[in-house]
Amino acid sequence: MIDTSIQMGGLAFRTPLLTGSGTFGYGDEYRTLIDYSAFGGIITKSISRLPRPGNQPPRICETQLGGLLNSIGLANPGVEVFIADKAQILPFDATQVFISVVGDAVEEFVSVVEKLEFVPAVSGYELNLSCPNVQKGGLSLGGDKDAVAEITRACRNVTKRFISVKLTPHHALVAPLAEAAAAAGVDALTMTNTLVGMVIDAETRRPKLGNVTGGYSGPPLKPVSLAKVWQAAKAVSLPIWASGGITCGLDCIEFLLAGASGLQLGSVLFADPYAPTRILREMSEWCEKRGVKKLSDLIGQLKT
Ligand SMILES: Cc1cc2nc3c(=O)[nH]c(=O)nc-3n(C[C@H](O)[C@H](O)[C@H](O)COP(=O)(O)O)c2cc1C
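Computed from a predicted structure; not experimentally measured. (Residues numbered from 1 in each chain as written. Predicted model: local features only at pLDDT ≥ 70, side-chain atom pairs only at ≥ 80, totals over all residues.)

1. A look at the overall build of the chain
Stage number 1. For the chain, the count of helices and strands is nine helices and 16 strands.
Stage number 2. Scaling as 2.2 N^0.38, a compact globule of 304 residues should have a C-alpha radius of gyration of about 19 Å, and the chain matches this with 18 Å.
Stage number 3. With respect to the principal axes defined by its C-alpha atoms, the chain has extents near 50 × 50 × 40 Å.
Stage number 4. Counting the 304 residues in the chain, one finds 48% classified as buried.
Stage number 5. A separation threshold of at least 6 residues defines the contact pool for the chain, and within that pool the share at least 24 residues apart is 73%. (Helix = DSSP H or I, 4+ residues; strand = E, 2+ residues; numbered from the N terminus. Rg over C-alpha atoms; globule rule 2.2 N^0.38 Å. Buried ≥ 20, exposed ≤ 12 C-beta atoms within 10 Å, placed from the backbone. Contact = placed C-beta atoms within 7 Å.)

2. Quick word on the environment of proline 219
Stage number 1. Here proline 219 is to be found in the loop between β14 (213-217) and α6 (222-235).
Stage number 2. Judged by the 19 C-beta atoms lying within 10 Å of it, proline 219 is partly exposed.
Stage number 3. When the C-alpha atoms of proline 219 and proline 51 are compared, they prove to be 31 Å apart, with 168 residues separating the residues in sequence.

3. Notes on the packing of helix α5 (residues 175-183) against α6
Stage number 1. Viewed as axis vectors pointing N to C, α5 and α6 meet at an angle of 50°, and their least axial separation amounts to 9 Å. Comparing their axes, α6 and α5 come out oblique. As α5 packs across α6, the resulting crossing turns out to be right-handed. Here Ala175, Ala178 and Glu179 of α5 lie close against α6, whose contacting residues are Gln231, Ala232 and Ala235.
Stage number 2. Residues belonging to the contact of α5 with α6 are distributed by class as follows: four nonpolar, one polar and one charged. (Axes fitted to C-alpha atoms, helices over the stretch in contact; angles between N-to-C directions. Parallel < 35°, antiparallel > 145°, perpendicular 65-115°, else oblique. Left-handed = near helix turned anticlockwise from the far one by under 90°. Nonpolar A, V, L, I, M, F, W, Y, C, P; charged D, E, K, R; others polar.)

4. What about the site of the ligand?
Stage number 1. Gly20, Gly22, Ser217, Gly266 and Ser267 are the nearest of the 27 residues found near the ligand.
Stage number 2. Here the residues of the shell around the ligand sort into eight nonpolar, 17 polar and two charged. (Near = placed C-beta within 6 Å.)

5. Some thoughts on helix α9 (residues 275-290)
Stage number 1. For α9, spanning 16 residues, the distance from its first C-alpha to its last is 23 Å, which sits close to the expected 22 Å at 1.5 Å a residue.
Stage number 2. Where α9 is concerned, the buried positions are Ala275, Pro276, Ile279, Leu280, Met283 and Cys287. Looking down the long axis of α9, one finds its buried residues gathered within 130° of arc, a one-sided arrangement. Summarising the geometry of α9, the exposed residues directed more than 90 degrees from the buried face are Arg281, Glu285, Glu288 and Lys289.
Stage number 3. For α9, the secondary structure elements touched by its buried residues are β3 (17-19), α7 (249-258), β16 (260-265) and α8 (268-271). (Expected span 1.5 Å × (residues − 1). Arc of directions from axis to C-beta.)

6. Description of α6
Stage number 1. In a regular helix each residue adds 1.5 Å, so 14 residues correspond to 20 Å; α6 covers 20 Å between its end C-alpha atoms and thus fits that length.
Stage number 2. Within α6 the residues assigned to the buried category are Ser225, Leu226, Lys228, Val229, Trp230, Ala232 and Ala233.

7. Some remarks on unusual backbone geometry
Stage number 1. Across the junction of leucine 90 and proline 91, the peptide omega takes the value -5°, indicating a cis bond.
Stage number 2. Mapped onto the elements, proline 91 comes out in the loop between α1 (79-85) and β7 (96-101).
Stage number 3. Of note, the amide linkage connecting methionine 191 to threonine 192 takes the cis form, showing an omega dihedral of 5°.
Stage number 4. Looking at the secondary structure, you find threonine 192 in the loop between β10 (188-191) and β11 (195-198).
Stage number 5. Of note in the backbone geometry, leucine 74 takes a positive phi value of approximately 60° without being a glycine.
Stage number 6. Note that leucine 74 resides in the loop between β6 (68-70) and α1.
Stage number 7. Judged by local crowding, leucine 74 falls into the buried class, with 23 C-beta atoms found within 10 Å.
Stage number 8. At arginine 205, a residue that is not glycine, the phi angle is positive and equals roughly 60°.
Stage number 9. Mapping arginine 205 onto the fold places it in the loop between β12 (200-201) and β13 (206-207).

Take a look at the structure:
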């Protein structure tokens, strides 16, 4: 038996597997379908202060090489409706629950976190500072290290719960953003969100997404996110949550070696909702064959 448990920021996770925000609804939708015991934690779709309708459809399309392009535009019912409709279904046994929080400005992040502080089963928050599909907030905030520090510090001041900040893959240099978030008191960093991409239908001469551009995710993103995880792990001594292109156990092993402590499953859940159990089994088999007893022993063990 491999020990799959991971400790991060005072929380115990029974496995390093998490759901990527926006790819697992608000956490309960899969409850009758899959076994949640493969997850250490669940991260909800991003929630804002007021309801957001999202972008013009079509909002999602596949690309070559197993990639996915989405321009959902952070459609969500707003924090009040989330609390009224969904909060009572939390928690999910021993699975840690994180609410992804999004806003146009620092005040919105703070007000959403303040409201969620009254929901007892929440383990913490992932601050989405990197959505590529919105006009305000998103990349314009997450690309600025002062804004990252300000939002993080303001949220830190209103909660003692776990906070991860989700950063963009768009910057060649990860360290300034990672250091700004670390200095402001986060417990983890999520590396990373989607890359801005575009798909064109030559016959109609139109973009395939209503929003023209979207966020590129899935297997082609993996080398980018691996590099960002590795860079962030070198820059700060915080747990890193990997996000981008994970589809199998071997991907997870590579991310652990690069320095990740948490492993988010995103687009793969659309192709295979049963992936979490398979991926955990594949990781365990990889370890058994090599005499690795604890998954946590692999974290940051990349030889360079
Ligand atoms: C349909 C869709 C919706 C998403 N919505 C959000 C969101 O609301 N908030 C967020 O932080 N990330 C969102 N993401 C990004 C994912 O959480 C993840 O970071 C990204 O897809 C890369 O991981 P993957 O390659 O495993 O999918 C979304 C991704 C997809 C495909």
